[in-house]
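For reference, the chains in residue letters:
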Amino acid sequence: EPEVTQTPSHQVTQMGQEVILRCVPISNHLYFYWYRQILGQKVEFLVSFYNNEISEKSEIFDDQFSVERPDGSNFTLKIRSTKLEDSAMYFCASRRLAGRTYNEQFFGPGTRLTVL
Amino acid sequence: TQLLEQSPQFLSIQEGENLTVYCNSSSVFSSLQWYRQEPGEGPVLLVTVVTGGEVKKLKRLTFQFGDARKDSSLHITAAQPGDTGLYLCAGVRTNAGKSTFGDGTTLTVKP
(Lines give C-alpha, C1' and ligand atoms only; values in the text may rest on other atoms or scores of the structure.)
Protein backbone atom coordinates (compact mmCIF):
# COMPACT_ATOMS: atom_id res chain seq x y z
CA GLU A 1 0.00 0.00 0.00
CA PRO A 2 1.46 3.40 -0.96
CA GLU A 3 2.54 5.57 1.94
CA VAL A 4 4.07 8.93 2.70
CA THR A 5 7.70 8.66 3.76
CA GLN A 6 9.83 11.17 5.63
CA THR A 7 13.54 11.53 6.27
CA PRO A 8 15.31 11.78 8.58
CA SER A 9 13.31 10.23 11.37
CA HIS A 10 15.21 12.32 13.90
CA GLN A 11 17.20 15.51 13.33
CA VAL A 12 19.27 17.20 16.00
CA THR A 13 20.59 20.67 15.25
CA GLN A 14 22.09 23.69 16.94
CA MET A 15 20.05 26.86 17.35
CA GLY A 16 20.54 29.14 14.36
CA GLN A 17 21.34 26.34 11.93
CA GLU A 18 19.35 25.59 8.80
CA VAL A 19 17.50 22.29 8.51
CA ILE A 20 15.73 20.65 5.62
CA LEU A 21 13.09 18.04 6.30
CA ARG A 22 12.26 15.76 3.43
CA CYS A 23 9.08 14.04 2.41
CA VAL A 24 8.07 11.77 -0.43
CA PRO A 25 4.30 12.03 -0.84
CA ILE A 26 2.18 9.27 -2.34
CA SER A 27 2.97 9.27 -6.04
CA ASN A 28 -0.40 10.21 -7.57
CA HIS A 29 -1.23 12.82 -4.95
CA LEU A 30 -1.40 16.49 -5.87
CA TYR A 31 -1.85 18.33 -2.57
CA PHE A 32 0.91 18.42 0.01
CA TYR A 33 0.97 19.64 3.58
CA TRP A 34 3.27 20.18 6.52
CA TYR A 35 2.06 20.03 10.10
CA ARG A 36 3.92 20.11 13.36
CA GLN A 37 3.22 18.76 16.81
CA ILE A 38 5.07 20.14 19.80
CA LEU A 39 5.41 17.51 22.50
CA GLY A 40 2.15 17.13 24.39
CA GLN A 41 0.27 19.57 22.16
CA LYS A 42 -2.12 19.28 19.26
CA VAL A 43 -1.18 18.82 15.64
CA GLU A 44 -0.92 22.26 14.01
CA PHE A 45 -1.16 23.15 10.34
CA LEU A 46 1.85 24.91 8.81
CA VAL A 47 1.38 25.08 5.06
CA SER A 48 -0.36 23.53 2.07
CA PHE A 49 1.10 23.32 -1.42
CA TYR A 50 -0.53 22.68 -4.77
CA ASN A 51 0.55 23.17 -8.35
CA ASN A 52 4.01 24.29 -7.27
CA GLU A 53 2.87 27.07 -5.03
CA ILE A 54 1.72 27.66 -1.49
CA SER A 55 -2.07 27.56 -1.31
CA GLU A 56 -2.43 28.35 2.38
CA LYS A 57 -0.14 28.98 5.35
CA SER A 58 -0.61 29.53 9.04
CA GLU A 59 0.78 32.24 11.30
CA ILE A 60 3.46 29.80 12.39
CA PHE A 61 4.83 29.62 8.85
CA ASP A 62 6.84 32.85 8.91
CA ASP A 63 9.80 34.00 6.81
CA GLN A 64 12.04 31.42 8.45
CA PHE A 65 10.09 28.62 6.78
CA SER A 66 9.96 27.67 3.13
CA VAL A 67 8.72 24.72 1.12
CA GLU A 68 9.80 23.34 -2.18
CA ARG A 69 9.03 20.52 -4.55
CA PRO A 70 12.43 20.28 -6.24
CA ASP A 71 11.54 17.31 -8.44
CA GLY A 72 8.61 15.05 -9.16
CA SER A 73 8.80 13.12 -5.93
CA ASN A 74 10.22 15.13 -3.02
CA PHE A 75 8.54 17.81 -0.93
CA THR A 76 10.79 19.67 1.49
CA LEU A 77 10.39 21.98 4.46
CA LYS A 78 13.30 24.28 5.20
CA ILE A 79 13.81 26.19 8.41
CA ARG A 80 16.48 28.83 7.79
CA SER A 81 17.59 29.64 11.32
CA THR A 82 16.20 27.24 13.87
CA LYS A 83 15.00 28.34 17.30
CA LEU A 84 14.55 26.29 20.43
CA GLU A 85 10.78 26.53 20.02
CA ASP A 86 10.99 24.84 16.61
CA SER A 87 11.62 21.54 18.40
CA ALA A 88 8.67 19.35 17.47
CA MET A 89 7.50 16.45 15.37
CA TYR A 90 6.99 17.57 11.79
CA PHE A 91 4.50 15.63 9.71
CA CYS A 92 4.14 15.68 5.98
CA ALA A 93 0.78 14.74 4.46
CA SER A 94 -0.60 14.37 0.98
CA ARG A 95 -4.01 14.21 -0.60
CA ARG A 96 -4.88 12.90 -4.04
CA LEU A 97 -7.20 15.63 -5.27
CA ALA A 98 -10.32 17.56 -4.41
CA GLY A 99 -13.59 15.77 -4.55
CA ARG A 100 -15.72 13.72 -2.24
CA THR A 101 -14.04 10.38 -2.73
CA TYR A 102 -10.45 11.41 -2.28
CA ASN A 103 -10.48 13.97 0.45
CA GLU A 104 -8.46 12.04 2.99
CA GLN A 105 -5.01 13.17 3.93
CA PHE A 106 -2.42 10.53 4.56
CA PHE A 107 0.32 11.34 7.00
CA GLY A 108 3.95 10.34 7.06
CA PRO A 109 5.65 8.95 10.17
CA GLY A 110 7.15 12.30 11.06
CA THR A 111 10.57 13.81 11.67
CA ARG A 112 11.46 14.61 15.24
CA LEU A 113 13.40 17.89 15.22
CA THR A 114 15.41 18.72 18.31
CA VAL A 115 17.00 22.16 18.48
CA LEU A 116 19.72 22.54 21.10
CA THR B 1 -10.58 30.41 14.17
CA GLN B 2 -11.92 26.92 13.68
CA LEU B 3 -11.67 25.05 16.95
CA LEU B 4 -12.38 21.40 17.48
CA GLU B 5 -12.91 20.42 21.08
CA GLN B 6 -12.53 16.82 22.04
CA SER B 7 -13.84 15.28 25.21
CA PRO B 8 -12.90 13.69 27.39
CA GLN B 9 -9.19 14.50 27.24
CA PHE B 10 -8.29 11.36 29.18
CA LEU B 11 -10.28 8.17 29.59
CA SER B 12 -9.30 5.09 31.56
CA ILE B 13 -11.63 2.10 31.48
CA GLN B 14 -11.66 -1.64 32.06
CA GLU B 15 -11.57 -4.15 29.26
CA GLY B 16 -15.05 -4.92 27.99
CA GLU B 17 -16.56 -1.53 28.76
CA ASN B 18 -18.05 0.77 26.16
CA LEU B 19 -16.97 4.37 25.64
CA THR B 20 -17.75 7.42 23.55
CA VAL B 21 -15.42 10.23 22.54
CA TYR B 22 -16.86 13.52 21.35
CA CYS B 23 -15.57 16.09 18.88
CA ASN B 24 -17.42 19.41 18.80
CA SER B 25 -17.08 22.66 16.90
CA SER B 26 -19.02 25.78 16.08
CA SER B 27 -17.80 25.51 12.49
CA VAL B 28 -19.24 23.43 9.67
CA PHE B 29 -16.84 20.99 8.06
CA SER B 30 -17.03 19.41 4.63
CA SER B 31 -15.60 16.26 6.15
CA LEU B 32 -14.21 15.02 9.41
CA GLN B 33 -11.54 12.43 9.97
CA TRP B 34 -10.71 10.30 12.98
CA TYR B 35 -7.10 9.26 13.47
CA ARG B 36 -5.23 7.14 15.93
CA GLN B 37 -1.72 8.17 16.89
CA GLU B 38 0.89 6.08 18.66
CA PRO B 39 3.72 7.82 20.57
CA GLY B 40 6.42 9.08 18.23
CA GLU B 41 4.46 8.21 15.11
CA GLY B 42 2.22 9.99 12.65
CA PRO B 43 -1.58 9.98 12.79
CA VAL B 44 -3.12 6.93 11.11
CA LEU B 45 -6.47 7.48 9.43
CA LEU B 46 -9.34 5.42 10.82
CA VAL B 47 -12.33 6.86 8.97
CA THR B 48 -13.68 9.85 7.07
CA VAL B 49 -17.27 11.02 7.49
CA VAL B 50 -18.71 13.37 4.91
CA THR B 51 -22.50 13.46 5.01
CA GLY B 52 -24.46 14.98 7.88
CA GLY B 53 -25.91 12.18 10.02
CA GLU B 54 -23.58 9.62 8.49
CA VAL B 55 -22.67 6.58 10.55
CA LYS B 56 -19.70 4.38 9.75
CA LYS B 57 -18.63 1.21 11.48
CA LEU B 58 -15.15 -0.23 11.69
CA LYS B 59 -15.41 -3.50 13.62
CA ARG B 60 -16.11 -2.40 17.22
CA LEU B 61 -15.75 1.31 16.39
CA THR B 62 -18.77 3.37 15.35
CA PHE B 63 -18.30 6.89 14.00
CA GLN B 64 -21.09 9.40 13.58
CA PHE B 65 -21.13 12.80 11.91
CA GLY B 66 -23.62 15.29 13.29
CA ASP B 67 -26.56 16.36 11.16
CA ALA B 68 -25.16 19.89 10.91
CA ARG B 69 -21.63 18.61 10.20
CA LYS B 70 -20.25 20.45 13.21
CA ASP B 71 -19.66 17.53 15.52
CA SER B 72 -18.79 13.87 15.57
CA SER B 73 -18.52 10.97 17.95
CA LEU B 74 -16.52 7.80 18.20
CA HIS B 75 -18.05 4.91 20.10
CA ILE B 76 -16.06 1.82 21.00
CA THR B 77 -17.92 -1.30 22.06
CA ALA B 78 -16.29 -3.84 24.37
CA ALA B 79 -12.98 -2.03 24.53
CA GLN B 80 -9.80 -4.09 24.49
CA PRO B 81 -6.29 -3.25 25.71
CA GLY B 82 -5.24 -3.01 22.06
CA ASP B 83 -7.53 0.02 21.71
CA THR B 84 -5.25 1.98 24.03
CA GLY B 85 -3.90 5.07 22.29
CA LEU B 86 -4.47 8.69 21.32
CA TYR B 87 -7.55 9.35 19.22
CA LEU B 88 -7.68 12.53 17.18
CA CYS B 89 -10.47 14.14 15.24
CA ALA B 90 -9.70 16.55 12.43
CA GLY B 91 -12.05 18.65 10.35
CA VAL B 92 -11.63 19.91 6.81
CA ARG B 93 -13.54 22.96 5.58
CA THR B 94 -12.89 22.51 1.86
CA ASN B 95 -12.09 19.29 0.07
CA ALA B 96 -8.44 20.14 -0.47
CA GLY B 97 -7.99 22.31 2.58
CA LYS B 98 -5.99 21.98 5.75
CA SER B 99 -7.04 19.79 8.61
CA THR B 100 -7.87 21.38 11.95
CA PHE B 101 -7.14 18.95 14.73
CA GLY B 102 -8.70 18.50 18.12
CA ASP B 103 -6.56 18.12 21.23
CA GLY B 104 -7.03 14.37 21.26
CA THR B 105 -8.39 11.81 23.68
CA THR B 106 -5.93 9.53 25.41
CA LEU B 107 -7.62 6.20 25.97
CA THR B 108 -6.28 3.56 28.34
CA VAL B 109 -7.99 0.18 28.45
CA LYS B 110 -6.92 -1.91 31.42
CA PRO B 111 -7.00 -5.70 31.16
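In the block above lies the structure referred to throughout.
Residues numbered from 1 in each chain as written. Chains lettered and ligands numbered in written order. Predicted model: local features only at pLDDT ≥ 70, side-chain atom pairs only at ≥ 80, totals over all residues. Heavy atoms only, no water.

Trainee: Please clarify how the nonpolar core should be interpreted in this entry.
Mentor: Side chains that are nonpolar tend, in soluble globular proteins, to be buried together. All names here are of chain A. Counting residues in each nonpolar core, the largest one holds 22 residues, and the members touching the most others are Trp-34, Leu-46, Phe-61, Val-67, Phe-75, Leu-77 and Tyr-90. Looking at this core, the elements with two or more residues in it are strand S3 (19–24), strand S4 (31–37), strand S5 (44–50), strand S7 (65–68), strand S8 (75–79), strand S9 (88–95) and strand S11 (111–115). Not counting residues up to four positions away in its chain, the partners in contact with Phe-61 are Leu-46, Val-47, Ile-54, Ser-66, Val-67 and Leu-77. (Core = buried A, V, L, I, M, F, W, Y, C linked by side-chain atoms within 4.5 Å. Buried < 20%, exposed > 50% of the residue type's maximum accessible area, 1.4 Å probe, protein only. Helix = DSSP H or I, 4+ residues; strand = E, 2+ residues; numbered from the N terminus. Contact = heavy atoms within 4.5 Å.)

Trainee: How do you make sense of the pattern of salt bridges when you look at a structure like this?
Mentor: Where charged atoms from two side chains of opposite charge approach closely, those side chains can pair. Taken as a whole and assessed by the stated rule, the structure comprises six salt bridges over all chains. In this structure, Lys98(B) and Glu56(A) form a salt bridge, with 3.3 Å as the shortest nitrogen-oxygen distance. Here Glu56(A) lies in strand S6 (residues 53–57) and Lys98(B) lies in the loop between strand S9 (85–92) and strand S10 (99–101), a pairing that spans two chains. Assessed through its relative accessible area of 23%, Lys98(B) is described here as partly exposed. We classify Glu56(A) as partly exposed; its relative accessible area is 31%. (Salt bridge = Lys/Arg side-chain N within 4 Å of Asp/Glu carboxyl O.)

Trainee: Explain the interface of chain A and chain B to me, please; I cannot follow it from the model alone.
Mentor: Size of an interface: often given as the accessible area lost when the parts come together. Taken together, the contacts link 22 residues of chain A with 23 residues of chain B. Buried area between chain A and chain B, summed over both chains or domains, comes out near 1,800 Å², and the portion from carbon and sulfur atoms is 53%. The interface formed by chain A and chain B contains two salt bridges. If you look at where chain A meets chain B, you find seven residue pairs in polar contact (both at pLDDT 80 or more). Secondary-structure elements contributing two or more residues to the side of chain A that touches chain B are S4, S9 and strand S10 (106–107) of chain A. Among the elements that line the side of chain A that touches chain B, the one with the most residues is S4(A), at four residues. Classifying every residue of the side of chain A that touches chain B gives eleven nonpolar, five polar and six charged. (Buried area = accessible area lost by both parts, 1.4 Å probe. Polar contact = N/O pair within 3.5 Å; in protein donor to acceptor, adjacent residues only side chain to side chain. Nonpolar A, V, L, I, M, F, W, Y, C, P; charged D, E, K, R; others polar.)

Trainee: Teacher, can you tell me more about the sheet that holds S7(A) here?
Mentor: By definition, the strands of a sheet pair up through backbone hydrogen bonds, in either a parallel or an antiparallel sense. All names here are of chain A. Read from one edge of the open sheet, four strands run S1-S3-S8-S7, paired in antiparallel fashion. Two strands lie at the open edges of the sheet, namely strand S1 (5–7) and S7, each paired on one side alone. Between one strand axis and the next, the sheet turns through 20° on average, direction left out of account. Judged from the five bridges that link them, S3 and S8 form a sheet pairing that is antiparallel. Residue pairing in the sheet places Val-19 in a bridge with Ile-79 of S8. (Pairing = 2+ DSSP bridges. Axes fitted to C-alpha atoms, helices over the stretch in contact; angles between N-to-C directions.)

Trainee: What's the story with unusual backbone geometry in this structure? I'm lost.
Mentor: Trans is the prevailing form of peptide bonds, just as negative phi is the prevailing case for residues other than glycine. Following Thr7(A), the chain continues into Pro8(A) via a peptide bond in cis, with omega recorded as -10°. Between Ser7(B) and Pro8(B) the backbone carries a cis peptide bond, its omega angle lying at -10°. With respect to the element layout, Pro8(B) can be found in the loop between strand S1 (5–7) and strand S2 (10–14). Even without being glycine, Arg69(B) reaches a positive phi, approximately 60°. Topologically, Arg69(B) is positioned in the loop between strand S7 (61–65) and strand S8 (71–76). Notably, Ala78(B) is not glycine yet its phi reads approximately 50°, a positive angle. Within the secondary structure, Ala78(B) sits in the loop between S8 and S9.

Trainee: Explanation requested: the sheet that holds strand S6 (residues 55–58) of chain B in the structure shown.
Mentor: Residue and element names in this part refer to chain B. Read across the open sheet, the five strands follow the order S1-S3-S8-S7-S6; overall the sheet is antiparallel. Looking at the sheet topology across the chains shown, the edges are occupied by S1 and S6. Direction aside, the axes of adjacent strands within the sheet are offset by 15° on average. Pairing analysis gives four bridges linking S6 to S7, with the strands arranged antiparallel. By the bridge assignment, Lys-56 is partnered in S7 with Phe-63.

Trainee: Even after reading the chapter, I still don't get the state of the cysteines, so can you show me in this structure?
Mentor: Working definition: the covalent bond between the sulfur atoms of two cysteines is a disulfide. Residue and element names in this part refer to chain A. Counted according to the given criterion, the structure contains two disulfides over all chains. Here Cys-23 engages in a disulfide with Cys-92; their sulfurs sit 2.0 Å apart. Taking the torsion about the S-S bond as the criterion, the Cys-23 to Cys-92 disulfide, at about -65°, is left-handed. One end of the pair, Cys-23, is in strand S3; the other, Cys-92, is in strand S9, and 69 residues separate them in sequence. (Disulfide = S-S within 2.5 Å.)

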